[in-house]
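Residues per chain, in single letters:
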Amino acid sequence: MEKIKIALIGIGNCSSSLIQGIYYYRDKDPQDMVGLMHHEIGGYKPEDIQVVAAFDIDERKVGVDVHQAIFSKPNCTTVFYPDVPPSGILVGMGKVLDSFADHMNDYDAENAFILADKPEPTKEEVVQALKDSGAEILINYLPVGSEEATRFYADCALEANVAFINNIPVFIASDPVWAKRFEAKNIPIVGDDIKSQVGATITHRVLTDLFQKRGVKLERTYQLNTGGNTDFLNMLNRHRLASKKKIQNGSCSVRYRQTAGRQQYPYWPQ
């Protein structure tokens, strides 16, 4: 079977875990696949996924082999497969727009983005890069609140005839106008947002379902997320949380607290 060729927008912790996982699971016995819900889907396995293009805006990642960039700061996810071989694919400079929050400049470089001093690509250049790479799926791992940037890349996917997986809480797949645009070109669109494997949101959802099944009337709930990565630091800007709160809230309110090193940056959305 041919490889599933993907392009990544944002080489952060999620991309790092994805790429590490591709190599980690390829030599594993199917009976020992801890951490995977499904080892094989439609005949495809993790090792059948191949990264053919990547975009980022951090100076420590742009121009670097994507398999090296996944271990660059400010990434801080667990390294469970350190021997990822070079890919030969260099991370391209991405479109900035609103994917960089100004308050990142106020924090230590170990925990925040450093904006690369490189020319930003045009829409035509991104589309051509996708076509030249042979990418079949464009995967969006931009920071929360990147509304304009997400729409920019969704447009690029449509122009390049590439499927789009939107892993952040910006309304694309769930927006009727965008959905019709993808449907008209017969291009798959999946989203919006992604859950941690076993994080606060899915745990909260399971518990609320349990209470309801046990006859408890729930009038109001909330969850408190504590995180120590760049995504949580990014969400300290409350204006970037509008879409995320709409997507996640439902019957619950969501509260975030960022912890980085010994400092705490409390944030309580209204």
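Refer to the structure presented above.
In what follows, the accompanying structure is described.

## Examining the packing of aromatic side chains
Now for step 1: Applying the stated criterion across every chain, the model contains 6 aromatic pairs.
Now for step 2: These aromatic residues form a ring-pair network of at least three members: Tyr24, Tyr25 and Phe80.

## Thoughts on the pairing of strand S1 (residues 4–9)
Now for step 1: Bridging between S1 and strand S2 (residues 49–56) involves 6 bridges; their strand directions are parallel. Bridging from a neighbouring strand, Ile6 pairs with Val51 of S2.
Now for step 2: Running through helix H1 (residues 13–24), the crossover from S1 to the neighbouring parallel element S2 is right-handed.
Now for step 3: Both S1 and strand S4 (residues 137–140) contribute to a ladder of 4 bridges, which runs parallel. Within the sheet, the bridge partner assigned to Ile6 lies in S4 and is Ile137.

## So, the pattern of salt bridges
Opposite charge on two side chains allows them to pair when their charged atoms are near.
Now for step 1: On inspection of all chains with the given rule, the structure shows 6 salt bridges.
Now for step 2: Between Arg60 and Asp58 there is a salt bridge, with the nearest N and O atoms lying 2.9 Å from each other.
Now for step 3: Given the relative accessible area of 21%, Arg60 is considered partly exposed.

## Overview of helix H5 (residues 176–184)
Now for step 1: For H5, the capping residue at the N-terminal end is Asp175, with a side-chain oxygen 2.8 Å from the backbone nitrogen of Val177.
Now for step 2: One or two positions beyond H5, positive phi appears at Asn186, with a value near 55°.

## Some details on unusual backbone geometry
Now for step 1: Of the consecutive residues Lys73 and Pro74, the connecting peptide bond is found in the cis state with omega at 5°.
Now for step 2: Summarising the element assignment, Pro74 is placed in the loop between helix H2 (66–69) and strand S3 (92–93).
Now for step 3: For the bond from Gly191 to Asp192, the omega torsion is 5°, close enough to zero to count as cis.
Now for step 4: Looking at where Asp192 falls in the secondary structure, it is placed in the loop between strand S6 (189–190) and helix H6 (200–213).
Now for step 5: A positive phi angle, near 45°, is found at Leu97, a position not held by glycine.
Now for step 6: Despite not being glycine, Asn161 has its phi angle at roughly 60°, a positive value.
Now for step 7: Examined against the element boundaries, Asn161 turns out to sit in the loop between helix H4 (147–160) and strand S5 (163–166).

## As for the sheet that holds S6
Now for step 1: In spatial order, the strands read S3-S2-S1-S4-S5-S6; together these 6 strands make up an open sheet with parallel pairing. On the outer flanks of this sheet lie S3 and S6, each paired with one strand and no other.
Now for step 2: In terms of strand pairing, S4 meets S5 through 4 bridges, oriented parallel. Each residue of the ladder has a partner; that of Ile139, found in S5, is Ile165.
Now for step 3: The strands touched by helix H3 (residues 123–133) within the sheet are S1, S2 and S4, with S2 carrying the most contacts at an inclination of about 160°.

The rules behind these values
- Residues numbered from 1 in each chain as written.
- Predicted model: local features only at pLDDT ≥ 70, side-chain atom pairs only at ≥ 80, totals over all residues.
- Heavy atoms only, no water.
- Phe/Tyr/Trp six-rings, centres within 6.5 Å; stacked < 30°, edge-to-face > 60°.
- Pairing = 2+ DSSP bridges.
- Helix = DSSP H or I, 4+ residues; strand = E, 2+ residues; numbered from the N terminus.
- Right-handed = clockwise from strand over helix to strand, strands pointing away.
- Salt bridge = Lys/Arg side-chain N within 4 Å of Asp/Glu carboxyl O.
- Buried < 20%, exposed > 50% of the residue type's maximum accessible area, 1.4 Å probe, protein only.
- Polar contact = N/O pair within 3.5 Å; in protein donor to acceptor, adjacent residues only side chain to side chain.
- Contact = heavy atoms within 4.5 Å.
- Axes fitted to C-alpha atoms, helices over the stretch in contact; angles between N-to-C directions.

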